[in-house]
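# Tertiary structure, described
One-letter residues, chain by chain:
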Amino acid sequence: LGGEHPMWLVTGHSPLVAGRGSWTGSGMIDAFFDYWLPVFVREMREQVLGADIANAKYQEVISQDGASHPIAKKGLSSYKDSPTALGDMQKTATKQHKARSQAAGRKLARLADMHLGKMACNRLQSSDLHGAGQLLDGHSSPTHSLSEERCKLSHDT
């Protein structure tokens, strides 16, 4: 549960591709992991060790070219006067009403464990539903369900 991502990238040494501010190469990927990985590690620690321990071990890094080093602050409470990646992500989740949508998604996911849910999953995930003779045969998608025949007619006029 450390803070270094296990990935090696082969790239040039030019700041254009390797610099943290780069939008064209490995620097962008390193900057992303510098921002995202502390939050991910905290979430995994919460699942395994509990929220108190996860919050106590929370630590962000100074994102810089070369190796990024941990910030001296350790523990979520020590970041209370400064913005954090976790705080940014929590604000976004609030704006997107994630608490409600994820709760509904978890309830729906539990249906897959019931007998009817298992039957539906087996039927709906066993083949291409858009294939010949299948449930959505002739439909481009559930949200755009004009049959192929109707689509051809609308383009012929």
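The structure we're discussing is the one just above.
As the structure is a prediction and not an experimental result, all values here were calculated from the model.

Right, let's talk about the packing of aromatic side chains for a bit. Between two aromatic rings, the relevant description is the distance of the centres plus the angle of the planes. Tallying each qualifying case throughout the model produces five aromatic pairs. Pairing W36 with F40 gives two aromatic rings, centres 4.8 Å apart and planes at 20 degrees, and the pair type is stacked. You can see W36 and its partner F40 sitting in helix α2 (residues 26-49), four residues apart, about one turn around the helix. A centroid spacing of 5.5 Å and a plane angle of 80 degrees characterise the contact between Y58 and Y79, whose relative ring orientation is edge-to-face. Of this pair, Y58 sits in the loop between α3 (51-57) and β1 (61-62) while Y79 sits in the loop between β2 (69-70) and α4 (85-95), and the two are 21 residues apart along the sequence. For the pair Y58 and Y79, a shared accessibility class is recorded, and that class is buried.

On to the pattern of salt bridges, then. Close approach of charged atoms allows side chains of opposite charge to pair. This structure, assessed with the given rule, holds four salt bridges. D30 serves as the salt-bridge partner of R20, at 3.5 Å between the closest nitrogen and oxygen. Here D30 lies in helix α2 and R20 lies in the loop between α1 (15-18) and α2, a separation of ten residues in the sequence. Across the pair, exposure class does not vary: R20 and D30 are buried alike. As a salt-bridge pair, E46 and R42 come within 2.7 Å of each other at their nearest N and O atoms. With a gap of four residues between them, E46 and R42 both fall in helix α2, about one helical turn apart. In this structure E46 comes out as partly exposed when scored by relative accessible area, which is 29%. Among the residues examined, R42 registers a relative accessible area of 8% and is labelled buried. The network of salt bridges with common partners includes R20, D30 and D34.

Reading the values: rules and limits
Residues numbered from 1 in each chain as written. Predicted model: local features only at pLDDT ≥ 70, side-chain atom pairs only at ≥ 80, totals over all residues. Heavy atoms only, no water. Phe/Tyr/Trp six-rings, centres within 6.5 Å; stacked < 30°, edge-to-face > 60°. Helix = DSSP H or I, 4+ residues; strand = E, 2+ residues; numbered from the N terminus. Buried < 20%, exposed > 50% of the residue type's maximum accessible area, 1.4 Å probe, protein only. Salt bridge = Lys/Arg side-chain N within 4 Å of Asp/Glu carboxyl O.

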